[in-house]
Amino acid sequence: MFANSFVLIVLTLVIGLPPLVFLFIALAAGQLDDAGSTAESIFEAGELRYSRPWETQKQSQERVQHYGSLVSNPRWEWERWL
Amino acid sequence: MSTPVTSNPAQEESTVDHSKIKVSPEEMEAYDQSGRKPVLLGFFIAVVWLLIGTVLGDLSSFKFDRPDLLTEQAYLTFGRIRPAHLNVMVYGWASTAMFSVSLWLMPRLCRTPLRWGNLAVIGILVWTVGLGVGIALLLAGHGDGLEWLELDRQWADPLLVIGAAMVGASVWKTLAARNVHHLYVSIWYVAASYPWFLIIFLAGNMPFYKGVESAAVNWFYAHNALGLWLTTINLGLIYYLLPKIIGRPIYSYWLSLVGFWGLALFYALNGMHHLIGGPLPSWMIATSITASIMMIVPVVAVGINQHMTVVGRFGAMRYSPALTLAVIAAMSYTAVSLQGILTALVSVNRITHFTHWTIAHSHLGLYMFVTLSLFGGMYYILPRVLKKEWPSRRLVRAHILLVGGGMVLYIVALGIGGVLQGLSLLAPGEGFEASVSSAKPWLLLRSVSAVIISAGHLVFAYHAYLLAFTSRNSLTRHPPFYELKPVLVKKRVP
Amino acid sequence: MTRILVLIMGAMATVIFALVILVILPNSMLSDLKAPPQLKQPGQQELLGRQLYISNGCIYCHTQQVRDPVFTTDIHKGLGNRPSVPADYVYDAPHLLGTMRTGPDLFNVGTRLPDRNWHLLHLYQPRALVPWSIMPGFPFLFEHKPTAEAGDKVLDIPKPYAPSEGVVIISKEAEALVAYLISLQHNYPAPDSDALEEVQP
């Protein structure tokens, strides 16, 4: 019976080990170190500095601290493009 | 561990670390335009399927209240209309819209124009033809007889496989040509979905399963179609839309990876919880119940991550219907997953199994999560691809209120009806009639909500038509929910 | 490149892992399942009936399984005298276990309702026999003619449900579907070979 066989063990190892090995290679190479910049990679230049009408004063201040002085969204996205 | 990756200075120099350099808005617009054809085609076809599926769904629902409605023709019988509704919604509406979503997301995330866009166009067309053939055969009485896999395996399924593979090839080619080092979490979800879908769809459609094994494969597929296809691409979309619109990076990148791999590992094993108490080897069902409970890990990871991204800024929902829908969809994902875990417990399942509760549950997943996320995606994507804005905020408002309200009514009504039906089916003293009559009023309420939701779909389709085919300019000064008093936010100090 | 490899190979590994556990292993373990001697192999008419059961979507409202009495009342409610086991389904391809009990379970409907004429009329118009039923009728499985010809079997329909003129003829399809329903009898004792002992719920 296949369920009881040695082949099954080998097969699962063949399928399962390589991705783990590559994961360790990627980790050791530091490919997953800079998580912060990956999270920010979706934003356009200056996008994080746009002043957002729904933010509280505190939230706007945090934005200034992190990303620099606020600019207004050149494309008025929240009022034009719904 | 020494690796060849870092010790290759030539490669390091040749690739600029684009994740550090922000892309310009003009560049982003160019990426949007690179996929214009397949994206617009996919959304157009999806909306057409949405309307067809709505009619089929309404008809199925009305047949519960008026069992003698339209019984003369074989192709109008409940047992054919209902699977046609499911297949049209899953493969026609959701999947086709998801093709467009992935073809729009990948160039933006990989910072490169869409590759093999024409192949994707052909893929979408092949897929649509395959589905059309499948639905026609299903209504004519030729189906495979397995839930979620009804489409004919000879004439329809090969076209679906080829179509999805073509779109997938375009997605993967774009990924291979990427100009970024890091893979944003949405890429993981979207790119993995295509091979996943092809594997489970092929495995599910193999013709040689018999007996209980056929049931196991059936639910292996059906559950994974939800978990490794519909869920993943929509989570990818939500992971993009939430931070993008709010203007904050995702709360924790690591948590999002835990969510991804947890989902991949546990979701794939969940299927047998549809067969609890059934004639399967008990270890299979036990495995699925265990995996279902383990799903709490990725679900909570995703839930926390998305909540922490939005928290304190729910007021932004007033400014963006896309965000409104994405947030509701994200909450529904958490809700439907927790409900699913609950339903997989034997003590709950003994009541809710075989009842309308399951239908309410699947609509919470496929509608409140998947469909609303896709609506949100369309509100965001279409104006950017078409370079026009949605013409009417009234229509946006009407659409969201109708479909949202209608679906809440749907789920609550059918959830209650299902539990009553289940208690009645379980009560030793009660005859079968009791289970039918206890569910009847709730089924009627479901039909009412179906009409409300259908109205919402008509509004949306009309609005999408106005956007795409007319040059009506919007006079909008404020977004649709601007006047709504913020409930979840502190007052803004001017 | 390594990132892509982690993604694609990891994604493949998880889904193949599940495929092995839920599809390939059971396939191997259930391959030596023998049909119980009392379980009849379906004849040609029954297979045609089964095909009609599939093509008209009966599974969307009817199950064909009796669940474990430990946590359900299926047996108490007369759906069968024992829970169903994998060996009961060896002739089923595709399976028709079903997921909804909008209508009653049919695993033993042949034992419970052995009357052929009852089934024929019930298929034509369920409410002629069960006033509270929400099952749709299947008039398209019957032929509607002005007058009966030689050799036609006429369905006897009570007044309010009969068509205003003409007669309703029992077709080959309707008979096949009824033959299939009546063949659903699994009241023999559960097969108890060693191979099955393990997999019984």
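Above: the structure in question.
Residues numbered from 1 in each chain as written. Chains lettered and ligands numbered in written order. Predicted model: local features only at pLDDT ≥ 70, side-chain atom pairs only at ≥ 80, totals over all residues. Heavy atoms only, no water.

J.: Got a minute to help me understand the overall build of chain B in this structure?
T.: Broken down by element type, chain B carries 16 helices and zero strands. A compact globule built from 494 residues should have a C-alpha radius of gyration of about 23 Å, and chain B, at 23 Å, falls within 12% of that. Principal axes of the C-alpha set define a box for chain B whose edges measure 75 × 60 × 45 Å. When burial is assessed residue by residue, chain B has 65% of its 494 residues classed as buried. Considering only contacts in chain B between residues 6 or more positions apart, those separated by 24 or more positions represent 84%. (Helix = DSSP H or I, 4+ residues; strand = E, 2+ residues; numbered from the N terminus. Rg over C-alpha atoms; globule rule 2.2 N^0.38 Å. Buried < 20%, exposed > 50% of the residue type's maximum accessible area, 1.4 Å probe, protein only. Contact = heavy atoms within 4.5 Å.)

J.: Is there a simple way to explain the environment of Ile341 of chain B in this structure?
T.: Residue and element names in this part refer to chain B. Note on placement: Ile341 falls in helix H12 (residues 321-344). Under the relative-accessibility criterion, Ile341 is labelled buried at 10%. Taking the C-alpha atoms as reference points, Ile341 and Met295, separated by 46 residues in sequence, lie 7.3 Å from one another. Once you skip the residues sitting within four places of it in the chain, Ile341 turns out to touch Ser292, Ile293, Met295 and Ile296.

J.: Is there a simple way to think about the packing of helix H9 (residues 253-267) of chain B against helix H1 (residues 2-29) of chain C in this case?
T.: Each pair of packed helices can be described by the angle between their axes along with the distance between the axes. For the pair H9 of chain B and H1 of chain C, the least separation of the axes is 8 Å and the interaxial angle reads 30°. With respect to each other, H9 of chain B and H1 of chain C are oriented roughly parallel. Taken together, the residues of H1 of chain C that come into contact with H9 of chain B (itself represented by Phe260, Trp261, Ala264 and Leu265 of chain B) are Val6, Leu7, Gly10, Ala11, Thr14 and Phe17 of chain C. (Axes fitted to C-alpha atoms, helices over the stretch in contact; angles between N-to-C directions. Parallel < 35°, antiparallel > 145°, perpendicular 65-115°, else oblique.)

J.: Even after reading the chapter, I still don't get the pattern of salt bridges, so can you show me in this structure?
T.: Oppositely charged side chains may form a pair once their charged atoms are brought near each other. Residues and elements named next belong to chain C. By the definition in use, this model includes 18 salt bridges over all chains. For the salt bridge of Asp74 with Arg101, the shortest nitrogen-to-oxygen distance reads 3.0 Å. On the criterion of sequence distance, the pair formed by Asp74 in the loop between helix H2 (44-55) and helix H3 (109-112) and Arg101 in the loop between H2 and H3 is long-range, its members being 27 residues apart. Judged by relative accessible area, Asp74 falls into the buried class, the value being 4%. You can call Arg101 buried: its relative accessible area is 4%. Taking the shortest distance from any N to any O, the salt bridge between Lys153 and Glu175 comes out at 2.8 Å. With Lys153 in the loop between strand E1 (142-145) and strand E2 (167-170) and Glu175 in helix H5 (residues 172-183), this residue pair connects regions lying 22 residues apart in the sequence. Using a relative accessible area of 41% as the deciding quantity, one classes Lys153 as partly exposed. Within this structure, Arg67, Asp74, Arg101 and Asp105 form a network of salt bridges that share partners. (Salt bridge = Lys/Arg side-chain N within 4 Å of Asp/Glu carboxyl O.)

J.: Whenever I open this one, the nonpolar core confuses me. Can you help?
T.: Soluble, globular proteins show a tendency: their nonpolar side chains are buried together. Formed by 222 residues in total, the largest nonpolar core has its most connected members in Trp93 and Trp148 of chain B together with Phe142 of chain C. The greatest single-element share of this core, amounting to 22 residues, is contributed by helix H8 (residues 211-246) of chain B. Those residues in contact with Trp93 of chain B that sit more than four places away from it in its chain are Ala46, Val47, Trp49, Leu50, Val88, Thr371, Leu374, Phe375 and Met378 of chain B. (Core = buried A, V, L, I, M, F, W, Y, C linked by side-chain atoms within 4.5 Å.)

J.: What am I meant to see in the environment of Arg82 of chain C here?
T.: Residues and elements named next belong to chain C. Mapped onto the fold, Arg82 is located in the loop between H2 and H3. On the basis of relative accessibility, which here comes to 10%, the residue Arg82 falls in the buried class. Linking Arg82 and Phe17, residues 65 residues apart in sequence, is a C-alpha distance of 34 Å. When sequence neighbours within four positions are dropped, the list of residues in contact with Arg82 reads Val66, Ile75, Asp88, His186, Tyr188, Pro189 and Ala190. A polar contact is formed between the side chain of Arg82 and the side chain of Asp88, at a distance of 3.0 Å. A polar side-chain atom of Arg82 sits 2.7 Å from the main-chain carbonyl oxygen of Tyr188. (Polar contact = N/O pair within 3.5 Å; in protein donor to acceptor, adjacent residues only side chain to side chain.)

J.: It is not clear to me how the packing of helix H7 (residues 185-205) of chain B against H1 of chain C should be interpreted in this structure. Could you clarify?
T.: Running from amino to carboxyl end, H7 of chain B crosses H1 of chain C at an angle of 35°, the nearest separation of the two axes being 10 Å. Seen from above, H7 of chain B lies across H1 of chain C with right-handed handedness. Packed against H7 of chain B, whose contacting residues are Trp188, Ala191, Ala192, Pro195, Trp196, Ile199, Ile200 and Ala203 of chain B, the element H1 of chain C presents Leu7, Ile8, Ala11, Met12, Thr14, Val15 and Leu19 of chain C at the interface. Looking at side-chain class alone, the contact of H7 of chain B with H1 of chain C contains 14 nonpolar, one polar and no charged residues. (Left-handed = near helix turned anticlockwise from the far one by under 90°. Nonpolar A, V, L, I, M, F, W, Y, C, P; charged D, E, K, R; others polar.)

J.: What should I look at first to understand the side chain of Glu175 of chain C in this one?
T.: Taking the relative accessible area as the measure of exposure, Glu175 of chain C reaches 17% and is therefore buried. Among all residues touching Glu175 of chain C, those that are not within four sequence positions of it are Gln45, Arg116, Leu120, Lys153 and Ile170 of chain C.

J.: Teacher, can you tell me more about the packing of aromatic side chains here?
T.: We describe a pair of aromatic rings using the distance from one ring centre to the other and the angle between the two ring planes. Residues and elements named next belong to chain B. Overall, the coordinates contain 33 aromatic pairs over all chains when judged by the stated rule. Ring geometry for Trp104 versus Tyr380: centroids 6.0 Å apart, planes at 75°, classification edge-to-face. Here Tyr380 lies in helix H14 (residues 356-386) and Trp104 lies in helix H4 (residues 78-110), a separation of 276 residues in the sequence. Of the two residues examined, Trp104 and Tyr380, each falls in the buried class. Members of the aromatic cluster, each reached through a chain of ring pairs, are Tyr91, Phe99, Trp127, Tyr194, Phe197, Phe201, Tyr221 and Trp229. Sitting over the face of the ring of Tyr380, Arg384 holds its NZ or CZ atom 3.6 Å from the ring centroid. (Phe/Tyr/Trp six-rings, centres within 6.5 Å; stacked < 30°, edge-to-face > 60°. Lys NZ or Arg CZ within 6 Å of the ring centre and 35° of its normal.)

These results come straight from atomic positions and should not be treated as a statement about function.
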